[in-house]
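# Descriptive structure summary
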Amino acid sequence: MTDNFRTGNSPNFQEGGLRGFFSKNSALAFIVAGSAWFIVGTLYGLFSAIHLMAPEFFNNIPALVFGRVRPSHVNTVLYGFVVTTLIGLGMYYTPALLKTKLWSEPLGWVSLFLWNITVLSGPVFFSMGMSQGREYTEYLWPFDVTFMIAIVTIIINLVMTIIHRKEYVLYVSIWYFVASFIWIGGSYFIGNVMWRPSTGALPGILDSIFLWFYAHALPGLLLTPLAIGAAYFIIPRVTKTPLFSHTLSIVGFWTLVTFYSHIGGHHLLQAPIPHWLKTMSVVDSMMMFIPVIIVIVNLWMTMRGRGNLIMADPAAKWVAMGLIWYLIVGAQGSIQSIPQIQKVTHFNNWTVAHAHIAVLGFSGFIALGGVWHVIPLITRRKLYSQRLANLQFGLVMIGLTGFFLVLTIAGLIQGEAWYNGETVYRVLPQLQPYMILRTIFGLFIISGALVGFYNLIRSIRKPKEYPYISASHAVIIETQKNPEI
Amino acid sequence: MKMTPKIFFGGSILVWAASISIMVIFPVISMKNKPSEIWRPMTEKEKEGLKVYVNNGCSYCHSMYIRKVDWGIGAERIARPGDYYGQEPAILGSERTGPDLSQEGGEHTDDWHKAHFINPRFTRPMSVMPSWEFLGEDEIEKLTAYIQSLGGKDADLRIARQKYWHKQAIEAYKAGPDSNIRWLHSKIPDGWRKMPNPYPATEASVSRGKNMYMKFCINCHGPVGDGNGRAAPYLNPPPLNFTLLRRHLEDDKYIGGILYYQIMNGITGTSMPYFKKDLESEKIWDISNFIAKEFIGYTDSDTEPKGIDASYESEKEKE
């Protein structure tokens, strides 16, 4: 069922050149920005890793001191690379699945601009020693405002796109994509305590409840729905099969928001907060198995018997691997919320390993897969190089797997030693080999970021016609399979 | 179920709002916000110090609460909600690359902190903390004020104790090296003063002691034990010169117990910290053996009074 559906813009570079093309493609601009932030963010990761290996390597360089590069790394990778890329993907596939254009490209550019200003403010101000300091909410207040306006403009744009849609059915990807902004908009405002601009915090221990509510809304209500939305879009398109179950997607969607918004307290199990809050967090953390398994089963069953298509596709490979990381990180997350296990795993590199497979493994892999899947659709050209996309996969895969294993081991060494009475200071020398290995594996990831950026730029610039594929494929088969929706 | 825009938007907002009410709004209403018995208001300078702490990301490596499962934290107070009253932000931290700081106030002297901020390895040779010298004296002073306030009223008591003994230590130091050592030894309980090192100063023991010395002592007491380590210029009174101890043996023969006691308990009021949380018995005795053999040139190890030899001790290796 091919139609003349287009993504709302002419890919013809002759009219208006590259700049004209971009101005009609805020989605593509988001994707390019995301890939650029990937390089910046991982470079900051390298600086952090070097610090832990050789603390006097950047001695007395204020902008490169660990306490300042660490938030630059975390925020840039999180908001800059993963979220920016995934927003770009959604800005593409939402209008595509609704068979319309994005309601307003100029508004898309406003969102893009504000969003990137926010991300840029991180390294700029943190390096000068200006930060709100609470994890994941470090951006200074003026940039909380740009963040919020960016989110609101995105929501407006998406709602108007939905109103003007030509396809009646809202495909599951659209639920996840649109909902993530509604949820994160509200959670960001509350979690950042935006009504107290000077500190962005409440006085007293209550603040930690706000902070960790937000800190888990971030992966739960932003990264996860964005990434799942992209995965639901890409997998059926590559395998050319209908989505396995509409019911499962519905259950998965509602259980995700129900359980994931309750678990922030599991970061504070050993801190002095009310017991009922801890209990609820642990219970809901265990319940998180449900939405995780549902997504895995739904997409796995969609892929069933089509593994060859997945493996042959440079984009789908990333997404499939991202889902495997999702299973690992989801299972790990639930298990490590159990208080008895947290006695050993809290406060050490175990958690750092967990965070890396969540952000880079799960959502980052799907974001990168999305880039390689969507770029040919937007530009209507082939990728500059499939081999480079595969090379990037290998580099990031080796890097992240090694990184995860090394830090998990380091975390267990720390946790077990502390639990058995060693002091933090005494355990430090034992971590050194693992910190060196971490830096080496990190270099693989940075190389991956560089290769990917090169491939992306060349793919956009290289003129080569590409046989047309309808982006609405997924929703078509969804409608065919479930005539009642 | 048909996912219409109405169901979708209405449902998404509703479920999220329900979670917020339970997980955020309800704690706001129900949590009692009262100061604990150790809480006291922060001074302006300490508040400035908290800002330095927050802005520079100290919380990425240092946690701010002691848990029930924790060992090795000096003032062992399990954190209570009221300890954080009015602190904005109460920056609890999520990582322990460095030690927990929630009760750090008064654990060390200001001098120690200054040396430590200028280069953490001056006072803790294995530390991976970055140097903060670039902050400048003013900021380091504020930061130190904040760190010394951690623990509230308990910290104030510890600081008062530090000050009390600091005064006496300074007087003793000014009176000359020999009377300084006499004063130091006079503060050690009797039983310890007349105790020889019960571990034979074997090659193994001394080399283990050297290893520990390098990881804990070297940057204050120096590579040759003369008290001229890298931290020495910042510390008042300066670190002890071990080579002077030869003429201060108790009863002309004992020094092991004195060394052990000083390493174990530190000398409050000076920058000599206690090491009993970091090191257990044999390690401290090994360091004493190393210091005795290497810097004093005399060891009382394995001399009388002693009971029956431990089964592993050989006749040959005795000095």
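Remember, it's a predicted structure, so these values are computed and weren't measured experimentally. (Residues numbered from 1 in each chain as written. Chains lettered and ligands numbered in written order. Predicted model: local features only at pLDDT ≥ 70, side-chain atom pairs only at ≥ 80, totals over all residues. Heavy atoms only, no water.)

With 241 residues, the main nonpolar core has Tyr79 and Trp115 of chain A together with Ile291 of chain B as its most contacted residues. For this core, the leading source of residues is helix H7 (residues 206–239) of chain A, giving 23 residues. Residue contributions to this core reach at least three from each of two domains, namely domain 1 (44–158) and domain 2 (176–296) of chain B. (Core = buried A, V, L, I, M, F, W, Y, C linked by side-chain atoms within 4.5 Å. Buried < 20%, exposed > 50% of the residue type's maximum accessible area, 1.4 Å probe, protein only. Helix = DSSP H or I, 4+ residues; strand = E, 2+ residues; numbered from the N terminus. Domains from an automatic or database assignment.)

Moving on to the side chain of Thr379 of chain A. All names here are of chain A. Its location among the elements puts Thr379 in helix H14 (residues 349–379). Classification of Thr379 as buried rests on a relative accessible area of 1%. A polar contact of 2.8 Å, which involves the side chain of Thr379, links it to the backbone oxygen of Ile375. (Polar contact = N/O pair within 3.5 Å; in protein donor to acceptor, adjacent residues only side chain to side chain.)

What follows deals with the packing of helix H2 (residues 26–53) of chain A against helix H4 (residues 105–126) of chain A. Residue and element names in this part refer to chain A. Between H2 and H4, the shortest axis-to-axis distance is 10 Å and the interhelical angle comes to 5°. Relative to H4, the element H2 is oriented roughly parallel. Taking contact as the criterion, the partners of Ser26, Ala29, Phe30, Ala33, Trp37 and Tyr44 in H2 are, on H4, Glu105, Gly108, Trp109, Ser111, Leu112, Trp115, Asn116, Val119, Leu120 and Pro123. (Axes fitted to C-alpha atoms, helices over the stretch in contact; angles between N-to-C directions. Parallel < 35°, antiparallel > 145°, perpendicular 65-115°, else oblique. Contact = heavy atoms within 4.5 Å.)

Let us now look at the interface of chain B and chain A. On the side of chain A, 89 residues touch chain B, which itself brings 76 residues to the contact. Interface of chain B and chain A: buried area, both sides summed, is about 7,100 Å²; carbon and sulfur atoms make up 68% of it. Sorting the residues of chain B by area buried against chain A places Trp16, Met23 and Tyr60 of chain B first, and these three jointly supply 12% of that buried surface. Here chain B is connected to chain A by two salt bridges. One salt bridge in this structure joins Arg121 of chain B and Glu56 of chain A, with 2.5 Å as the shortest N-O distance. Counting every contact that joins chain B to chain A gives 22 residue pairs in polar contact (both at pLDDT 80 or more). Only helix H1 (5–30), helix H2 (44–55) and helix H9 (203–216) of chain B provide two or more residues apiece to the side of chain B that touches chain A. For the side of chain B that touches chain A, the element with the most residues is H1 of chain B, which contributes 18 residues. By residue class, the composition of the side of chain B that touches chain A is 42 nonpolar, 20 polar and 14 charged. (Buried area = accessible area lost by both parts, 1.4 Å probe. Salt bridge = Lys/Arg side-chain N within 4 Å of Asp/Glu carboxyl O. Nonpolar A, V, L, I, M, F, W, Y, C, P; charged D, E, K, R; others polar.)

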